[in-house]
Amino acid sequence: MSFSGPRVGNVRFRERLERLGVKVLRVVNVHDVVPKAPGVLFNEHSPAPVMKVAEGLPWSYSHVGVELALDHKRSPFLNPGAGAACAHNLEALLHLLDGYHGKGERFVLASGRDPALVNKDVIS
């Protein structure tokens, strides 16, 4: 499991992990820029023919595993206008995981984690 991590390998790296059966869950905030880097130009969302040409290039990166995309604007406890400090904050991600009950479902805290844990370091 990874939280808001950047891309760390190329397509061959991803394929190797898949062949080995390594399971990865990537938890990200949709507003965080870190998981979008590196590989802004060449990444797993590029068309297959483009990636085939670019896969050996040093700036070609690909995520591994399955992504769980969360949005801090869905939490009533977080400032929807909060910037990068909230988008790349581990406590905020743990808070979002606690309140996530499925795509399209209402945000409801389940574990009793104190929202103050999130807001103590998040400056808006």
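You'll find the structure just up there.
Definitions and cut-offs
- Residues numbered from 1 in each chain as written.
- Predicted model: local features only at pLDDT ≥ 70, side-chain atom pairs only at ≥ 80, totals over all residues.
- Heavy atoms only, no water.
- Helix = DSSP H or I, 4+ residues; strand = E, 2+ residues; numbered from the N terminus.
- Contact = heavy atoms within 4.5 Å.
- Salt bridge = Lys/Arg side-chain N within 4 Å of Asp/Glu carboxyl O.
- Buried < 20%, exposed > 50% of the residue type's maximum accessible area, 1.4 Å probe, protein only.
- Pairing = 2+ DSSP bridges.

Engineer: Outline the side chain of His 72, supporting the account with residue identities and numerical values.
Structural biologist: Within the element layout of this structure, His 72 appears in the loop between β3 (66-70) and α3 (84-87). Ignoring sequence-local partners within four residues, the contact set of His 72 consists of Asn 29, His 31, Leu 78, Asn 79, Pro 80, Ala 82, Cys 86, Ala 87 and Leu 96.

Engineer: So what about the pattern of salt bridges? Which residues, and what values?
Structural biologist: This model, assessed by the stated rule, comprises three salt bridges. A salt bridge links Glu 18 to Arg 14; the nearest nitrogen and oxygen atoms lie 3.5 Å apart. Taken as a pair, Glu 18 and Arg 14 lie in helix α1 (residues 11-20) at a separation of four residues, close to a single helical turn. Owing to a relative accessible area of 51%, Glu 18 belongs among the exposed residues under this scheme. Notably, a salt bridge pairs Glu 67 with Arg 26, separated by 3.3 Å at the nearest N-O pair. Separated by 41 residues along the polypeptide, Glu 67 in strand β3 and Arg 26 in strand β2 (residues 25-29) bring together distant segments of the chain. When its relative accessible area of 8% is taken as the criterion, Arg 26 is described as buried.

Engineer: With reference to specific residues and values, describe unusual backbone geometry.
Structural biologist: The residue Ser 4 is not glycine, and still its phi comes out positive at about 55°. One can find Ser 4 in the loop between β1 (2-3) and α1.

Engineer: How would you explain the sheet that holds β1 if you had to name every residue and give the values?
Structural biologist: Pairing is parallel in the open sheet, where three strands are placed in the order β1-β2-β3. Strands at the two margins of the open sheet, each flanked by one partner only, are β1 and β3. The sheet contact formed by β2 and β3 spans five bridges and is parallel. Bridge assignment links Leu 25 to a residue of β3, and that residue is Val 66.

Engineer: I'd love a proper account of the environment of Leu 109, names of residues and values included.
Structural biologist: With respect to the element layout, Leu 109 can be found in the loop between α4 (90-99) and α5 (116-119). Judged by relative accessible area, which is 25%, Leu 109 ranks as partly exposed. Not counting residues up to four positions away in its chain, the partners in contact with Leu 109 are Phe 77, His 95, Asp 98, Gly 99 and Pro 115.

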